[in-house]
Amino acid sequence: MASETPEPECFFVSPYADLLTHNRFLLTLRSQEGRYHSLILFRLSSVGEQIDARSYHTPNEGLPTSHPYNQLYAMESTCPHLGADMSHAEIEECETGIVAVCPWHRYDFDLRTGHSETGLRACTYTVQVKEDEEDRIPCVWIQSPEQGSKWRVLERRGISEEFADPVKAKLSEESATSNDSISEQAGVEPIIPLDGEPTTLIQWAVLILNTPNPTLKVQRTQHAVHLFRTGKLASIGHKNKNPPIPPAVPPREENYTRNTVDPRKLAKRKNAAVMLHALANIEQWAIDLAWDIMARFGPSHPDIPPAFFSDFARMALDESKHFSLLVSRLAALSPSTPYGSLPVHAGLWESATVTSTSLRSRLAIIHLVHEARGLDVNPGTIERFRRSGDKESVATLEVIHTDEVTHVTTGHRWFTWICERDGVDPVSTFREEVRCGWRGDIKGPFNAEARETAGLTREFYEDLHGEMDQLAVQNQESQQTAVERASADVTVAYEAGK
Ligand code: FES
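Residues numbered from 1 in each chain as written. Predicted model: local features only at pLDDT ≥ 70, side-chain atom pairs only at ≥ 80, totals over all residues.

Per an unreviewed UniProt entry, the recorded name for the chain is DUF455-domain-containing protein, and the organism is Coniophora puteana.

J.: Got a minute to help me understand the sheet that holds strand S7 (residues 108-110) in this structure?
T.: Strand pairing within a sheet occurs via backbone hydrogen bonds; the two strands may be parallel or antiparallel. Ordered by their spatial adjacency, three strands build an open sheet running S5-S6-S7, and the pairing between neighbours is antiparallel. Edge positions in the open sheet fall to strand S5 (90-94) and S7, since each of these has one partner strand only. Strand-to-strand twist across the sheet, computed as the mean angle between neighbouring axes with direction ignored, equals 35°. Relative to S7, strand S6 (residues 97-101) is paired through three bridges, and the arrangement is antiparallel. Residue pairing for S7: Ala 100 is matched across the bridge by Phe 109. (Pairing = 2+ DSSP bridges. Helix = DSSP H or I, 4+ residues; strand = E, 2+ residues; numbered from the N terminus. Axes fitted to C-alpha atoms, helices over the stretch in contact; angles between N-to-C directions.)

J.: I would appreciate a short explanation of the environment of Pro 247 in the present structure.
T.: Mapped onto the elements of the fold, Pro 247 is located in the loop between helix H3 (214-229) and helix H4 (271-297). Separated by 49 residues in sequence, Pro 247 and Arg 296 have C-alpha atoms that sit 9.2 Å apart. Excluding its chain neighbours within four sequence positions, the residues that come into contact with Pro 247 are Leu 209 and Asn 210. (Contact = placed C-beta atoms within 7 Å.)

J.: Would you mind showing me how to read the sheet that holds strand S3 (residues 36-43) here?
T.: Read from one edge of the open sheet, five strands run S8-S4-S3-S2-S11, paired in antiparallel fashion. Strands at the two margins of the open sheet, each flanked by one partner only, are strand S8 (124-125) and strand S11 (151-158). Across two bridges, the pairing between strand S4 (residues 72-76) and S8 is antiparallel. In the strand pairing of S8, Met 75 is matched with Thr 124.

J.: Would you explain the pairing of strand S10 (residues 138-143) in this entry?
T.: Looking down a regular strand, the side chains alternate between one sheet face and the other. Among the six residues of S10, five are classified as buried, and the element is accordingly described as predominantly covered. In terms of strand pairing, strand S1 (residues 10-15) meets S10 through five bridges, oriented antiparallel. In the sheet register, Ser 14 faces S10, and the bridge partner there is Val 140. Linking strand S9 (residues 127-131) back to S10 in an antiparallel pair, the connection comprises six residues, with Arg 136 at a positive phi of about 60°. (Buried ≥ 20, exposed ≤ 12 C-beta atoms within 10 Å, placed from the backbone.)

J.: Help me understand the confidence of the model for the chain, please; the structure alone is not making it clear to me.
T.: One rule of thumb: low pLDDT means the predicted coordinates there are not for detailed reading. Summary statistics for the chain give a mean pLDDT of 84 and a share of 80% for residues scoring 70 or more. Mean pLDDT per element in the chain: helix H1 (residues 166-186) is the minimum at 43, and helix H2 (residues 201-209) is the maximum at 98. Residue range residues 161-186 is modelled with pLDDT below 50. Its contacts to residues more than four positions away, or to other chains, number 32 contacts. The model gives residues 490-498 a pLDDT under 50, and that stretch makes 18 contacts with residues more than four places away or in other chains. (pLDDT = per-residue confidence, 0-100.)

Laid out in structure tokens, this is it:
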């Protein structure tokens, strides 16, 4: 499909038909120069499937205002008051037009003009529907947030549901059942602690980090993010006096930390189970990493914008979804080896410890080395499951891979933000962080396409070698990425099973 910009100030979003899955979308944009914007695209019409493919501009000439093409609105994803995430804003019709009501303090912003009765003004953007010249289908374009730059959509995420498509929804139901059984076994505490409910996002983060049971960790993550997004938790708390301190290492229930089975002794049928188990373990640590970056670095960076917390809260929710999907798939594939019955490791947290005093280092090593390595390895893992005919696991891993690209994007976004704040060059600073915080080569082969989508161009990672002092890490094995470790686990198991 041709995606030439019809006017210099617009960027291509998608065919209109692709927007019929949800009523609102979070769009993550990046400019040619590497700047980011997040927009919410609202589609307020529930009609749309029967629209003629004609060419229109906004205002879509000759069409009534009620026409679905005139029911598209775009605005910046953060509230201009104190930075709330507007993705869960209520939409209301009033005398002057349609307004989005911020979930935190209920300021309302006209979706067309951005004006609010409070005097504040949100950034809103014109949406156009144009017929694509080649495919003759209506496509959606939005006014660029900054003039003179080319912008592209890195991610278009449907907002109305946490599990956006039927595959995810089905897997989510399965995971709920599987998680319930883990909860019953564990006899865990309630989601809201008996000794009082956290009142800030940072308090929730520390509570979740100190939650040893994985199912309760997932449930508390879902609950806290929901509260945060819907305005029931309107305080981040990173500027408060005496914020709670995150644990050096998040505790784990013994059942989920001891090695109980030698993977080489597993029968061939269990090889996939070993892999799913290893990946679920990584996802459990990844939930903690998303909360830890907020709790550990939020208070020491009071200038960091609320969008940082929105991004990492979304990441925590994604990781909890991944964990649930993998545990569910593991339970379905191999009921005799539920999560917690196979060997696990804490390789990912060893890098978290190494980077616990520097946000820049944390973003570089965890999100742009470990997570980026996941982008390289995932396609091979998916292919292995595909060859074995395991379509359900393929579906699960594809969901995870798509999300992981956006997580590396988040890492890149905030790494470049902090570099800009500090007046340093992102590429050379990243390479320096890796030299100091990593031992050994940044290994390929690289999934250059997925890395580039996430913002990691080749100059970031090619010919890069870590030289971290031996004393900084006690165990050299920890420098093997967690994903590679999982891959190694399954390779051993495959070979043992042959
Ligand atoms: S009204 Fe949106 S953050 Fe206060």
